Amino acid sequence: MKKVLLEICCGSIDDAIEAERGGADRVELCSALFLGGLTPSIGTIQEAKRRLKIPVMAMVRPRGGGFCYTEAEMATMERDTEAAIAQGADGMVFGILLADGKIDVRRCTRLRKLVGERQAVFHRAFDVTPNAFAAMEQLIEMGMTRVLTSGQKDSVPEGADLIRQLWERAAGRIEILPGGGIRPYHLKQVVEQTGCGQVHLTAWGTATDASTHANPGVTFGGALYPPEDRYQVTDAALVRRLRGMLGE
């Protein structure tokens with residue numbers, strides 16, 4: 001198999017470090033991955049750029065629950081974009097929709113201009129737009145580098161046919177990055193079905209932090225009550241295995 005670019009979605013600085021150690025070609029840096037990814041802290045971006053050699057894409061998303069933002073949220077996104085670029089982020093990941101689900105071209109163009117010559121990525125807000133092909137043409141018109149998509153389905157394997165059509169229709173005018181629900185056991189199949197030369201996924205392992213053991217009756221995680229002595233972190237060994245599957 002021809003080498004396929006591997007982007008790992010990361011929710012922390014340690015995720016990013018482990019992703020590079022495992023052979024990832026690029027990272028997308030977020031916070032709150034449980035919500036689909038929100039804006040990471042400036043400190044996280046600073047440390048990622050200080051410690052990593054591979055490109056770092058920074059998410060700009062002020063909250064979960066949709067993609068139609070208030071003017072105050074939009075102003076925050078602009079300030080976050082400016083700050084991330086100032087700290088050396090190699091690209092920004094964002095997506096803004098109108099109330100009807102169509103792309104908010106005016107606001108997206110505002111962020112695109114702030115990104116300048118660095119990479120501009122439209123995230124999976126694309127997957128809830130009412131017309132994928134019309135949305136892609138709008139992104140091409142505004143000069144976006146690529147679009148992250150699961151093919152307007154819950155996962156890439158389910159949306160592979162549409163992703164293939166988008167890739168063919170794009171004809172090199174914009175990069176198509178399959179991402180969402182990709183698992184190692186169908187990674188090669190996804191690449192073959194979509195035709196795309198890059199993929200986006202997480203590569204989780206579980207780490208332990210015993211600092212809560214002295215009082216295990218206290219929880220901090222909200223209604224789900226997750227174990228307080230465990231958290232997910234990117235597994236460099238799994239990234240290395242994925243890298244091998246996609247060609248060295």
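That block above? That's the structure.
Residues numbered from 1 in each chain as written. Predicted model: local features only at pLDDT ≥ 70, side-chain atom pairs only at ≥ 80, totals over all residues. Heavy atoms only, no water.

1. Considerations on the layout of surface pockets
Note the threshold: Note on definitions: the grid is 1 Å and covers protein atoms alone; a cavity is a set of points where a 1.4 Å probe fits but cannot get out; a pocket is an open set with protein on both sides within 12 Å along at least five of seven lines; lining residues have an atom within 4 Å of a point. Grid points are joined across faces, edges and corners, and a volume is the space filled by probe spheres set on the points. Counting from the N terminus, the helices are the DSSP runs of H or I reaching at least four residues and the strands are the DSSP runs of E reaching at least two. Throughout this entry, Asp, Glu, Lys and Arg are counted as charged residues, while Ala, Val, Leu, Ile, Met, Phe, Trp, Tyr, Cys and Pro are counted as nonpolar. The remaining residues, Gly among them, count as polar.
Empty space within the largest pocket amounts to approximately 1400 Å³. What lines the largest pocket is a set of 42 residues, and nearest its centre among them are Leu33, Phe34, Leu35, Trp204 and Gln232. Among the secondary structure elements, those contributing two or more residues to the lining of the largest pocket are β8 (198-201), β9 (204-208), β10 (230-234) and α8 (236-245). Among the elements that line the lining of the largest pocket, the one with the most residues is β10, at four residues. Grouping the constituent residues of the lining of the largest pocket by class yields 22 nonpolar, 13 polar and seven charged.

2. Here's the deal with the nonpolar core
Note the cut-off: Note on terminology: a nonpolar core comprises buried Ala, Val, Leu, Ile, Met, Phe, Trp, Tyr and Cys residues joined through side-chain atoms within 4.5 Å. Exposure classes here rest on a 1.4 Å probe applied to the protein chains alone. A residue is buried below 20% of its type maximum, exposed above 50%, and partly exposed in between. Residue contacts are defined here by distance: any two heavy atoms, one from each residue, within 4.5 Å place the two residues in contact.
Counting 64 residues, the largest nonpolar core has Met92, Phe94, Phe122, Phe126, Leu139, Ile176 and Val199 as the members making the most contacts within it. Per-element tally for this core: the top contributor is helix α5 (residues 132-141), with six residues. Discounting chain neighbours no more than four positions away, the residues touching valine 199 are Val4, Leu5, Leu6, Glu7, Leu177, Pro178, Ile182, Leu187, Val191 and Leu246. Core analysis: the next-biggest nonpolar cluster, separate from the first, contains six residues, Cys9, Met57, Met59 and Val93 among them.

3. A closer look at the side chain of glutamate 7
For the record, the criterion: Under the rule applied, a polar contact is a pair of N or O atoms within 3.5 Å (in protein, one hydrogen donor and one hydrogen acceptor; residues adjacent in sequence only if both atoms are side-chain atoms).
Take glutamate 7: it is sitting in strand β1 (residues 5-10). Polar contacts involving the side chain of glutamate 7 include one to the side chain of histidine 200, which spans 2.6 Å.

4. Re the packing of aromatic side chains
Short version of the rule: Geometry of aromatic contacts follows a simple scheme: Phe, Tyr and Trp rings, the Trp one being its six-membered ring, pair when their centres are within 6.5 Å, and the pair is stacked under 30 degrees between planes, edge-to-face over 60, tilted otherwise. Placement of a charge over a ring requires the Lys NZ or Arg CZ to be within 6 Å of the ring centre, with the centre-to-atom vector within 35 degrees of the ring normal.
Considering all chains together, one arrives at zero aromatic pairs under this definition. The cationic tip of arginine 169 hangs over the ring face of phenylalanine 133; the distance from NZ or CZ to the ring centre is 4.2 Å.

5. Here's the deal with the packing of helix α6 (residues 156-170) against helix α7 (residues 187-194)
The criterion, for reference: The axes used here are C-alpha line fits, helices contributing only the stretch in contact, and every angle between their N-to-C directions lies in the interval 0 to 180 degrees. Each angle is binned into one of four classes, with values under 35 degrees roughly parallel, values over 145 roughly antiparallel, values of 65 to 115 roughly perpendicular, and all other values oblique. With the far helix as reference, a near helix turned anticlockwise by less than a right angle produces a left-handed crossing, and one turned clockwise produces a right-handed crossing.
Two elements in contact, α6 and α7, have axes separated by 8 Å at closest approach and are oriented at 30 degrees. Comparing their axes, α7 and α6 come out roughly parallel. Handedness of the crossing formed by α6 with α7: right-handed. Contact residues: Val156, Pro157, Ala160, Ile163, Arg164 and Trp167 in α6; Val190, Glu192, Gln193 and Thr194 in α7. Considering only residue class, the contact of α6 with α7 consists of six nonpolar, two polar and two charged.

6. Topic: the pattern of salt bridges
This is how it is decided: Any carboxyl oxygen of Asp or Glu that lies within 4 Å of a side-chain nitrogen of Lys or Arg is treated as forming a salt bridge with it.
The final tally for this structure, using the stated rule, is 16 salt bridges. Across the pair lysine 3 and aspartate 25 runs a salt bridge whose closest N-O atoms are separated by 3.6 Å. With lysine 3 in the segment before β1 and aspartate 25 in the loop between α1 (13-22) and β2 (26-29), this pair connects stretches of sequence that are 22 residues apart. The class for lysine 3 is partly exposed, based on a relative accessible area of 45%. A relative accessible area of 19% means that aspartate 25 is categorised as buried. The salt bridge involving glutamate 137 is made with arginine 173; its shortest N-O contact spans 2.8 Å. Pair noted here: glutamate 137 is in helix α5 and arginine 173 is in the loop between α6 and β7 (175-178), with a separation of 36 residues, a long-range link.

7. Brief notes about helix α3 (residues 71-86)
The criterion, for reference: Each helix should span, by expectation, one fewer than its residue count multiplied by 1.5 Å.
Compared with an ideal rise of 1.5 Å per residue, which puts 16 residues at 22 Å, α3 spans 23 Å between its outermost C-alpha atoms and is within 8% of the ideal. Those residues of α3 hidden inside the fold are in contact with α2 (42-51), β3 (56-59), β4 (91-94) and α4 (105-115). Glycine 88 sits one or two positions beyond α3 and adopts a positive phi of about 100 degrees.

8. A closer look at the environment of glutamine 87
On the secondary structure map, glutamine 87 appears in the loop between α3 and β4. In sequence terms glutamine 87 and glutamate 47 are 40 residues apart; their C-alpha atoms lie 9.4 Å from each other. The residues touching glutamine 87, leaving out its near neighbours within four places in the chain, are Ile42, Ile45, Gln46 and Lys49.

9. Digging into the side chain of histidine 123
Within the secondary structure, histidine 123 sits in the loop between β5 (119-122) and α5. When near neighbours in sequence (up to four residues on either side) are disregarded, histidine 123 contacts Met59, Arg61, Phe67, Val93, Phe94, Gly95 and Leu148.

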